[in-house]
Amino acid sequence: MSTLSQWQLRAAFAARLSEMYGREVPAYTTLVDVSREVNEDVLRVRGADATRLGSIGRVTAERHGAIRVGTPRELGQVARIFGALGMHPVGFYDLREAAASAVPVVSTAFRPVDGEELARNPFRVFTSMLTPADPRFFDTELRVSLEAFLADRELFPPELLALADRAAAERELPQEEAERFLHLAVRAFELSAEPVDKSWYETLERISAVAADIGGVRSTHVNHLTPRVLDIDELYRRMTDRGIEMIDTIQGPPAWKGPDVLLRQTSFRALAEPRAMRTPDGSVISGALRVRFGEVEARGIALTREGRALYDELLGHVDEQASRNPSASRGELARAVWERHLPGSEQELAAEGLAYFTYHLHPDRPRDGGRPPTGVGELLRQGWVRAEPIVYEDFLPRSAAGIFQSNLSGEGTRHGDQQGTAYDADWLSGAIGRDVLDPFALYARQQNDSLAHVAHELGLTGTLS
């Protein structure tokens, strides 16, 4: 009997989820089509340089999704489903702190972590969990009602979870079971036609539109799907030219003449979608909710902790300058700050320890019998090794919060005088029963493994630095 391995399940799930979302949100299909057009044009103009951060096959197939759940139990079930696909929780994101408006969620991202698995299919899902215990958003009475509502619902059928556990344990599923798993998994993230309790939804919406989307309904759904594009500025222009309303900005680093780093994101605005609404007298009326949108991303080089600290510092400079010059273009301000403070080449990023690379022996390295240097910077400068950038596979809390905020119907309510409830990666690991991995450690391991291989090939002892 033929079987589907975890990566094949992951690729099939990503493709079917994309097809489903395209049927439900037609503007997403337009986004995918325009992304493909832009990628083809960039590839034609830039050639091999366009694929420095991933083959065109990978970039074209690449997606990340976003979902929202209400409780640690539900998040643990999500972890089981994505565990079946070879995806692990990576990174902890506190959007409560990153957002100016009311976004009462903490998040992680499920993704492959092995380089070979990422190359096969890098599907990732940004997954947010509501924080009903945070008194800045929910008073005691509302918290009790919300937690009771969440405890009474079932997002994922037992059959789906059982198949997920089998796939995780055996690292594959027979064809028939795989088909059933994929069917149930995609269906679990479709938008439900069940009428929404209008009064309950509006109660939560006054606190936060995100809270209402999570806790105001008895199901979950894909909040957005995100293709990857090689020129996000050009995509933004083309989508706008097609009459699709985009959010006001591209989140993340600015467009500049130096290396692309981290992640740039934008989206079209959440669309008003018809939904059945149940009124207090029991009747069902036609309403509309704005909860789903289409996002697009451009990925750059992963930064080290030092590089990330510099990135955050530069954002602070831009914020300060923007507050002093409210009429100035934030993009122009950011570009000027980047060009003053961020190294303008990959080699400089590597030499200053600001970004992650894998290192490989240069085919044209010196062969005059001389002893190679023991420092990475000198190995690069003298042509002994070449550096290949490691793609940033994760997310930026401020950018994610910016996308969320840009698609909210209102600011919501947040009581800043209250002490917020503490959540961190350790808490989340305990809540879902598996370790939330540190993305910096994953990138560092990939880089260090390559350095160890280079040292061995060159006959060097000790650790390259």
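The shown structure was predicted, so the numbers you read here are calculated from the model rather than taken from an experiment. (Residues numbered from 1 in each chain as written. Predicted model: local features only at pLDDT ≥ 70, side-chain atom pairs only at ≥ 80, totals over all residues. Heavy atoms only, no water.)

### Looking at the packing of helix H1 (residues 6–24) against helix H2 (residues 26–46)
Heads up, the rule is: Lines are fitted to the C-alpha atoms to define the axes, a helix being fitted only along its stretch in contact, and any angle between axes, read from their N-to-C directions, falls within 0 to 180 degrees. By the criteria applied, helices consist of DSSP H or I runs no shorter than four residues and strands consist of E runs no shorter than two, each listed in order from the N terminus. Angles below 35 degrees are treated as roughly parallel, those above 145 as roughly antiparallel, those between 65 and 115 as roughly perpendicular, and all remaining angles as oblique. When checking whether two residues touch, look at their non-hydrogen atoms; a contact exists if any pair is within 4.5 Å. Ten residues, namely Ala, Val, Leu, Ile, Met, Phe, Trp, Tyr, Cys and Pro, are considered nonpolar, four, namely Asp, Glu, Lys and Arg, are considered charged, and the remaining ones, Gly among them, are considered polar.
Axis separation between H1 and H2 bottoms out at 5 Å; the angle between their running directions is 125°. For the element pair H1 / H2, the angle class is oblique. Taken together, the residues of H2 that come into contact with H1 (itself represented by Ser18, Tyr21, Gly22, Arg23 and Glu24) are Pro26, Tyr28 and Thr29. Considering only residue class, the contact of H1 with H2 consists of 3 nonpolar, 3 polar and 2 charged.

### Regarding helix H18 (residues 425–432)
Threshold: Buried residues are those whose accessible area, probed at 1.4 Å on protein chains only, stays under 20% of the maximum for their type, while exposed residues exceed 50% and partly exposed ones sit between those limits. The directions from the helix axis to the C-beta atoms form the arc being described. Counted as a polar contact is a pair of N or O atoms within 3.5 Å, where, for protein atoms, one must be capable of donating a hydrogen and the other of accepting one, and residues adjacent in sequence contribute only when both atoms are in side chains.
Three or more residues of H18 are buried, namely Leu428, Ser429 and Ile432. Burial along H18 is one-sided: seen end-on, the buried residues are contained in an arc of 105°. Along H18, the residues that are exposed and aim more than 90 degrees away from the buried face are Asp426 and Gly430. As for H18, its buried residues are in contact with helix H4 (72–83), strand S3 (88–94) and strand S4 (105–111). A side-chain oxygen of the first residue of H18 lies 3.2 Å from the backbone nitrogen of Asp426; this N-cap is Asp424. Directly beyond the C-terminal end of H18, a positive phi value near 75° is found at Gly433.

### Looking at the sheet that holds strand S8 (residues 224–227)
We count it as follows: Note: two strands are recorded as paired if DSSP finds a minimum of 2 bridges between them.
An order of S3-S4-S5-S2-S8-S12-S9 is seen for the 7 strands of this open sheet, with the pairing classed as mixed. Edge positions in the sheet fall to S3 and strand S9 (263–268), since each has one partner strand and no second. If you compare each strand with its neighbour and ignore which way they point, the axes differ by 25° on average. Relative to S4, S3 is paired through 5 bridges, and the arrangement is antiparallel. Of the residues in S4, the one forming a bridge with Asp94 is Val106. Taken strand by strand, H2 contacts strand S2 (63–69), S8, S9 and strand S12 (293–299), and its axis lies near 10° from that of S8.

### Section: the sheet that holds strand S11 (residues 284–290)
Pairing within the open sheet is mixed, and its 3 strands lie in the order S7-S10-S11. Of all strands in the sheet, those bounded by a partner on one side alone are strand S7 (196–197) and S11. Note that S7 and strand S10 (residues 272–278) share 2 bridges and pair parallel. Looking at S10, one finds that Asp197 is bridged to Arg278.

### Some thoughts on the environment of Gly307
You can see Gly307 is positioned in helix H13 (residues 305–324). Of the residues examined, Gly307 reaches a relative accessible area of 3% and is grouped as buried.

### Section: unusual backbone geometry
The backbone of Arg171 sits at a positive phi, close to 65°, despite the residue not being glycine. For Arg171, the position within the fold is in the loop between helix H8 (158–170) and strand S6 (172–174).

### Things to note about the nonpolar core
Note the following rule: To define a nonpolar core, start from buried Ala, Val, Leu, Ile, Met, Phe, Trp, Tyr and Cys residues and group those joined through side-chain atoms within 4.5 Å. Here the limits of each domain have been adopted from an automatic or database domain assignment.
Core analysis: the largest hydrophobic core is formed by 74 residues, its most contacted members being Leu95, Phe138, Trp338 and Tyr359. Looking at this core element by element, the count peaks at 6 residues for helix H19 (residues 439–458). Residue assignment places this core across two domains, with domain 1 (3–301 + 393–434) and domain 2 (308–387 + 450–458) each supplying three or more. Not counting residues up to four positions away in its chain, the partners in contact with Tyr359 are Ala350, Val376, Leu380, Val385, Arg386, Ala387, Gln447, Ser450, Leu451 and Val454. Leu4, Val42, Ile232 and Ile244 belong to the second-largest nonpolar core, a separate cluster that totals 71 residues.

### Some details on the side chain of Ser107
Of note, Ser107 is situated in strand S4. When its relative accessible area of 1% is taken as the criterion, Ser107 is described as buried. Polar side-chain contacts of Ser107 include one of 2.7 Å to the side chain of Ser128. Apart from the residues within four sequence positions on either side, Ser107 is in contact with Gly91, Phe92, Tyr93, Leu95, Phe126, Thr127, Ser128 and Leu428.

### Notes on the pattern of salt bridges
Note the threshold: For this document, the term salt bridge refers to a Lys or Arg side-chain nitrogen within 4 Å of an Asp or Glu carboxyl oxygen.
A full pass over the atoms with the stated rule returns 47 salt bridges. Across the pair Glu117 and Arg10 runs a salt bridge whose closest N-O atoms are separated by 3.0 Å. A residue pair is termed long-range when its members are at least 10 positions apart, and Glu117 in helix H6 (residues 115–120) and Arg10 in helix H1 qualify at 107 residues. The exposure class of Arg10 is buried, given its relative accessible area of 0%. Of the charged contacts in the structure, one is a salt bridge between Arg166 and Glu170, with a shortest N-O distance of 3.3 Å. Residue Arg166 and its partner Glu170 are both found in helix H8; the two are separated by 4 residues, about one turn of the helix. By relative accessible area, Arg166 is classed as partly exposed at 31%. Judged by relative accessible area, which is 43%, Glu170 ranks as partly exposed. Three or more residues joined by partner-sharing salt bridges are found here, namely Arg58, Glu62, Arg124, Arg228, Glu297, Arg299 and Glu393.

### As for the packing of aromatic side chains
Filter applied, for reference: Paired rings are identified among Phe, Tyr and Trp, the last through its six-membered ring, by centres lying within 6.5 Å, and are further divided according to the angle between planes into stacked (under 30 degrees), edge-to-face (over 60) and tilted (the rest).
Going through the model one piece at a time under the given rule, you end up with 17 aromatic pairs. Aromatic side chains Phe82 and Phe189 sit 6.3 Å apart centroid to centroid with 5° between the ring planes, which places their arrangement in the stacked category. Taken together, the positions of Phe82 in helix H4 and Phe189 in the loop between helix H9 (175–188) and S7 put the pair 107 residues apart, joining distant regions of the chain. With respect to burial, Phe82 and Phe189 carry one shared label: buried.

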